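Here's the letter readout for the chains.
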Amino acid sequence: MPEGTRTWIEDLSQHVGEDVVLLGWVRHHRSSGKLHFLEIRDGTGNVQAVVKKGVASDEALEAAASVGIESSVEVHGSVKAHARREGEVEVAVAELRILAPTVEDYPLGKKEHGTGFLMDNRHLWLRSSRPWAVMRIRAEVIRACRAHLDGLGFVGVDAPILGSAAAEGTATLFPVEYYDDQVYLSQTGQLHMEAAAQALGRVYCLGPTFRAEKSKTRRHLTEFWMLEPEIAFAHLDDAMDLMESLVASVLASVLERCRPELEVLERDARKLEAAASTPYPRLTYDEALARLEGTEAAIPWGEDFGAPQEDALSSLFDTPVLVHRYPAAVKAFYMRPDPERPEVALGCDMIAPEGYGEIVGGGERNGDLAFLERRIEEEGLPPAAYEWYLDLRRYGACASAGFGLGLERTIAWICGLAHVREAIAFPRTMSRTSP
RNA sequence: UCCCCGAUAGCUCAGCUGGUAGAGCGGCGGACUGUUAAUCCGUAGGUCACAGGUUCGAUCCCUGUUCGGGGAGCCA
């Protein structure tokens with residue numbers, strides 16, 4: 001039987017009464033004497049294959065009796081309504097061929113496993129239903145992000161991975177040998193997006209970024225993906241409008257197209273529905289502080305938010321909340337100070353509900369050449385590496401605004417995951433670079 | 001960098017006051033023609049992370065090390 005004639009499991013309901021060929025893996029095996037139930041998985045879905053004496057060939061019965069979990073198989077049979085479950089289909093097997101048997105015990109069982117064990121076996125764990133659902137939602141989040149920005153006229157521009165300088169200090173960079181020199185893995189595409197915005201107007205990049213922070217928490221990876229839009233001649237409000245409409249459209253897309261995946265994850269979609277439409281609440285740093293006053297998360301003016309502040313604030317709303325105009329001293333040097341209040345920066349963070357933390361950070365860029373030169377010196381950054389960036393101020397400087405959206409944190413929130421490492425196929429953390 | 005927790009069968013764990021170890025799942029063998037984490041019977045499987053110390057005797061108490069997990073700071 002040539003492979004071209006195979007049917008994907010997700011399409012089976014359109015083939016009731018027909019003979020089909022499935023190619024997949026045996027996910028689960030139950031038997032009752034001469035009657036075998038094989039759960040077949042092909043990446044698009046699962047279906048029960050029933051191997052019954054009198055219907056299946058003797059060879060098929062023999063194969064069903066001996067087949068190990070996760071063996072790859074070719075199944076020939078007819079599609080029927082499930083004998084016990086309303087609305088489902090099953091396959092009455094005529095022929096079953098083991099293409100490649102599982103040669104050792106499959107490490108993953110039906111019962112619970114610890115995190116370390118699952119992560120060691122991430123290459124196999126991906127086959128399980130939860131990672132399956134998360135990866136499909138991740139793909140939808142990325143598709144929706146691009147669709148939203150492309151639809152607004154943004155141009156996708158890819159930022160480099162290798163670079164010679166840090167945007168926010170050098171302590172958290174991964175050095176890489178580069179011929180006789182040393183370069184670093186990129187921790188943001190923002191500076192390059194500013195250059196691209198001056199060439200193309202509205203741009204975004206989507207790619208991996210790297211931070212050598214010694215963080216071992218549920219919100220941190222050393223390699224994570226960011227979506228970074230940047231708009232020329234734009235201000236803080238433009239950035240806030242965009243981050244809000246972007247996140248809302250992503251939520252709407254996931255809710256529309258990924259219901260089965262959310263069900264697999266047992267994610268209560270009702271908790272996401274409010275976030276699928278705008279507006280989201282917007283608080284200044286001062287207003288946010290006032291909201292925290294009298295709670296355990298209260299902090300004095302001038303201090304940056306930590307996890308307790310983010311969690312306390314997010315618990316007040318059922319949508320993400322935008323906090324803007326933080327004290328300039330706690331934000332990156334490239335942020336523009338508020339001309340009406342220089343002690344605060346025209347920056348904004350979006351904090352996800354349910355304690356998922358900061359998923360977006362951004363704002364208006366600082367266009368003041370002399371100020372940037374001074375701050376680069378103050379931060380001890382290598383001036384030569386920033387010459388090209390300062391050129392953006394020398395030749396037709398413009399107001400510029402943008403932000404970075406952390407994909408894994410966003411996906412972790414949407415999927416209700418306990419840790420961002422489940423939001424990416426092959427996570428990289430302080431203690432894990434394999435598989 | 002700091003704080004907390006953990007390491008016992010392939011996996012998840014229990015193991016009392018110190019006397020050389022158990023369960024469930026998985027594996028293997030068997031029974032079963034409608035199962036859904038199937039069920040039932042049988043069975044194999046252990047350098048109790050590593051190195052010291054205390055003790056007649058240490059999985060257990062103490063010290064150190066390694067590895068893992070969670071959190072703080074920092075960040076998306």
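Here's what I pulled together on the structure shown here. All values derive from a computational prediction rather than experimental measurement. (Residues numbered from 1 in each chain as written. Chains lettered and ligands numbered in written order. Predicted model: local features only at pLDDT ≥ 70, side-chain atom pairs only at ≥ 80, totals over all residues. Heavy atoms only, no water.)

## Observations regarding the pairing of strand β11 (residues 223-232)
Counting buried positions over the ten residues of β11 gives eight, a clear majority of the element. Sheet analysis places β11 next to strand β18 (residues 400-406), joined by five bridges and oriented antiparallel. Directly across from M226, in β18, lies its bridge partner G406. (Buried < 20%, exposed > 50% of the residue type's maximum accessible area, 1.4 Å probe, protein only. Helix = DSSP H or I, 4+ residues; strand = E, 2+ residues; numbered from the N terminus. Pairing = 2+ DSSP bridges.)

## With respect to the protein's contact with RNA strand B
In the neighbourhood of RNA strand B, 48 residues make up the surrounding shell, with H28, R84, R218, E358 and R409 lying closest. A distance of 2.8 Å separates a base nitrogen of RNA strand B from a polar backbone atom of S31. The contact in question runs from a base oxygen of RNA strand B to an N or O atom on the side chain of K52, over 3.1 Å. Contributions of two or more residues to the surface near RNA strand B are made by β1 (19-32), β2 (35-41), β3 (46-52), β11 and β17 (357-364). Broken down by class, the residue content of the surface near RNA strand B amounts to ten nonpolar, 15 polar and 23 charged. (Near = heavy atom within 4 Å. Polar contact = N/O pair within 3.5 Å; in protein donor to acceptor, adjacent residues only side chain to side chain. Nonpolar A, V, L, I, M, F, W, Y, C, P; charged D, E, K, R; others polar.)

## Considering the sheet that holds strand β8 (residues 175-178)
Spatially, β7-β9-β8 is the arrangement adopted by the three strands of the open sheet, whose pairing is antiparallel. Edge strands, defined here as strands with exactly one partner in the open sheet, are β7 (162-163) and β8. The sheet contact formed by β8 and strand β9 (residues 181-185) spans four bridges and is antiparallel. Within the sheet, the bridge partner assigned to E177 lies in β9 and is Q182.

## A word on the packing of helix α4 (residues 129-151) against helix α6 (residues 236-257)
Two numbers describe how α4 lies on α6: the axes approach to 9 Å, and their chain directions differ by 135 degrees. Between α4 and α6, the angle falls in the class oblique. For the element pair α4 and α6, the recorded crossing hand is right-handed. Touching I137, E140, V141, R143, A144, C145, H148 and L149 of α4 are L242, S245, L246, S249, V250, S253, V254 and R257, all from α6. In terms of residue class, the contact of α4 with α6 is made up of nine nonpolar, four polar and three charged. (Axes fitted to C-alpha atoms, helices over the stretch in contact; angles between N-to-C directions. Parallel < 35°, antiparallel > 145°, perpendicular 65-115°, else oblique. Left-handed = near helix turned anticlockwise from the far one by under 90°. Contact = heavy atoms within 4.5 Å.)

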